[in-house]
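Residue strings, one per chain:
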Amino acid sequence: DTGVSQDPRHKITKRGQNVTFRCDPISEHNRLYWYRQTLGQGPEFLTYFQNEAQLEKSRLLSDRFSAERPKGSFSTLEIQRTEQGDSAMYLCASSFSGGWADTQYFGPGTRLTVL
Amino acid sequence: KNEVEQSPQNLTAQEGEFITINCSYSVGISALHWLQQHPGGGIVSLFMLSSGKKKHGRLIATINIQEKHSSLHITASHPRDSAVYICAAPGGGADGLTFGKGTHLIIQP
């Protein structure tokens, strides 16, 4: 068990560029979650997957955001045409089974800065 | 959508003090999560509880389902307990987990 990993850890980009983040969950975990956290705030739910199926997507998530988990293992989160308001820490978490009552294991996050 | 409120937002205490952080939520839930976040962003899950009380070392979490309220206690606090403590509750469907804003705890030696 090597824990949840995320890549890159930091990303600086210019407004209008596209960025993609990767999350590798704990290997036997079926659920994978994406969250966003801005300075001084708690994390905010973005979306989650049960295996390769994307089950829920936050109403707050604009069409510029897309996430995939093609083989039910790693996941990618892409932001198109980045805006300064997208600057945040993007967190990935995984859990073994379904249900919001399952313990989630968090990755270290990817800090995005949009100039 | 579940509204999750934490108090206090900031707490500074002396080493050895008993610490209490409170969390209230608006919609009945199956379970509530307590998380710890250290500077640099790493988040660790401390507790997931659906009723009663859980204890891990010096940390104790309690929940009252009827009152929609949970507390996190730290006994014999230590400077290494300094962190942000966050509670989170299922919001339902597309709301996922709803997080509180966190309690920034500083334990001074």
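About the thresholds
Residues numbered from 1 in each chain as written. Chains lettered and ligands numbered in written order. Predicted model: local features only at pLDDT ≥ 70, side-chain atom pairs only at ≥ 80, totals over all residues. Heavy atoms only, no water. Helix = DSSP H or I, 4+ residues; strand = E, 2+ residues; numbered from the N terminus. Rg over C-alpha atoms; globule rule 2.2 N^0.38 Å. Buried < 20%, exposed > 50% of the residue type's maximum accessible area, 1.4 Å probe, protein only. Contact = heavy atoms within 4.5 Å. Areas by Shrake-Rupley, 256 points an atom, 1.4 Å probe, with all protein chains shown as cover. Lys, Arg positive; Asp, Glu negative; His and termini not counted. Charge placed at Lys NZ, Arg CZ, Asp CG, Glu CD. Salt bridge = Lys/Arg side-chain N within 4 Å of Asp/Glu carboxyl O. Buried area = accessible area lost by both parts, 1.4 Å probe. Polar contact = N/O pair within 3.5 Å; in protein donor to acceptor, adjacent residues only side chain to side chain. Disulfide = S-S within 2.5 Å. pLDDT = per-residue confidence, 0-100.

K.L.:
Sorry, what's going on with the overall build of chain A here?
P.N.:
Within chain A one finds 0 helices and 11 strands. From first element to last, N terminus to C terminus, chain A shows the α and β order β-β-β-β-β-β-β-β-β-β-β. Relative to its length of 115 residues, chain A is compact, with a C-alpha radius of gyration of 13 Å against a globular reference of 13 Å. The C-alpha extent of chain A, read off along each of the three principal axes, is 40 × 25 × 25 Å. Sorting the 115 residues of chain A into buried and exposed places 45% on the buried side. Considering only contacts within chain A whose residues lie at least 6 apart along the sequence, 55% involve residues at least 24 apart. By element, 45% of the accessible surface of chain A is carried by carbon and sulfur atoms, the whole surface being about 5,700 Å². Taking the 14 positively charged and 13 negatively charged side chains of chain A as two groups, their mean positions are separated by 7 Å.

K.L.:
Where do I start with the overall build of chain B in this structure?
P.N.:
Counting its regular elements, chain B contains 0 helices and 11 strands. Mapped in sequence order, the helices and strands of chain B form the string β-β-β-β-β-β-β-β-β-β-β. Rg of the C-alpha trace for chain B: 13 Å, near the compact-globule value of 13 Å for 109 residues, within the 12% margin. The principal-axis extents of the C-alpha atoms in chain B amount to approximately 45 × 30 × 20 Å. In chain B, which comprises 109 residues, the share counted as buried stands at 48%. Across chain B, the fraction of contacts at a sequence separation of at least 24, relative to all contacts at a separation of at least 6, is 53%. Surface summary for chain B: the accessible area is close to 4,800 Å², and the carbon and sulfur share equals 52%. Chain B carries 8 positive and 7 negative side-chain charges, and their two centres are separated by 7 Å.

K.L.:
Explain the pattern of salt bridges to me, please; I cannot follow it from the model alone.
P.N.:
All names here are of chain A. Throughout the structure, instances matching the rule amount to 5 salt bridges over all chains. When the shortest N-O distance is used, the salt bridge between arginine 64 and glutamate 83 registers 3.4 Å. A residue pair is termed long-range when its members are at least 10 positions apart, and arginine 64 in the loop between β6 (53-57) and β7 (65-68) and glutamate 83 in the loop between β8 (75-79) and β9 (88-95) qualify at 19 residues. Put simply, aspartate 86 and arginine 64 hold a salt bridge, and the shortest N to O gap is 2.8 Å. Of this pair, aspartate 86 sits in the loop between β8 and β9 while arginine 64 sits in the loop between β6 and β7; the two residues are 22 residues apart in sequence, bridging distant segments of the chain. Like aspartate 86, the residue arginine 64 is buried in the burial classification.

K.L.:
Can you walk me through the interface of chain A and chain B in this structure?
P.N.:
Note: interface size is frequently given as the accessible area lost on complex formation between the parts. Facing 20 residues of chain A, the contacting portion of chain B comprises 20 residues. Here chain A meets chain B over a buried area of about 1,700 Å², counting both sides, of which 57% is carbon and sulfur. In this assembly, chain A and chain B are joined by 1 residue pair in polar contact (both at pLDDT 80 or more). Looking at the side of chain A that touches chain B, the elements with two or more residues in it are β4 (31-37), β5 (44-50), β6 and β9 of chain A.

K.L.:
What am I meant to see in the state of the cysteines here?
P.N.:
Disulfide: a covalent bond connecting the sulfur atoms of a pair of cysteines. Applying the stated rule across the entire model yields 2 disulfides over all chains. In this model Cys23(A) forms its disulfide with Cys92(A); the gap between the sulfur atoms is 1.8 Å. Its torsion about the S-S bond being -65°, the disulfide of Cys23(A) and Cys92(A) is classed as left-handed. Linking Cys23(A) in strand β3 (residues 19-24) with Cys92(A) in strand β9, this pair joins segments that are 69 residues apart in sequence. Residue classification places Cys92(A) among the buried residues on the basis of a relative accessible area of 0%. At a sulfur-sulfur separation of 2.0 Å, the disulfide partner of Cys23(B) is Cys87(B). Between Cys23(B) and Cys87(B), the disulfide has an S-S torsion of 80° and is therefore right-handed.

K.L.:
Quick question: what am I supposed to make of the confidence of the model for chain B here?
P.N.:
Residue-level pLDDT values for chain B average 91, and 96% of them are 70 or greater. The lowest-confidence element of chain B is strand β10 (residues 97-99) of chain B, averaging 87 in pLDDT; the highest-confidence one is strand β2 (residues 10-14) of chain B, averaging 98.

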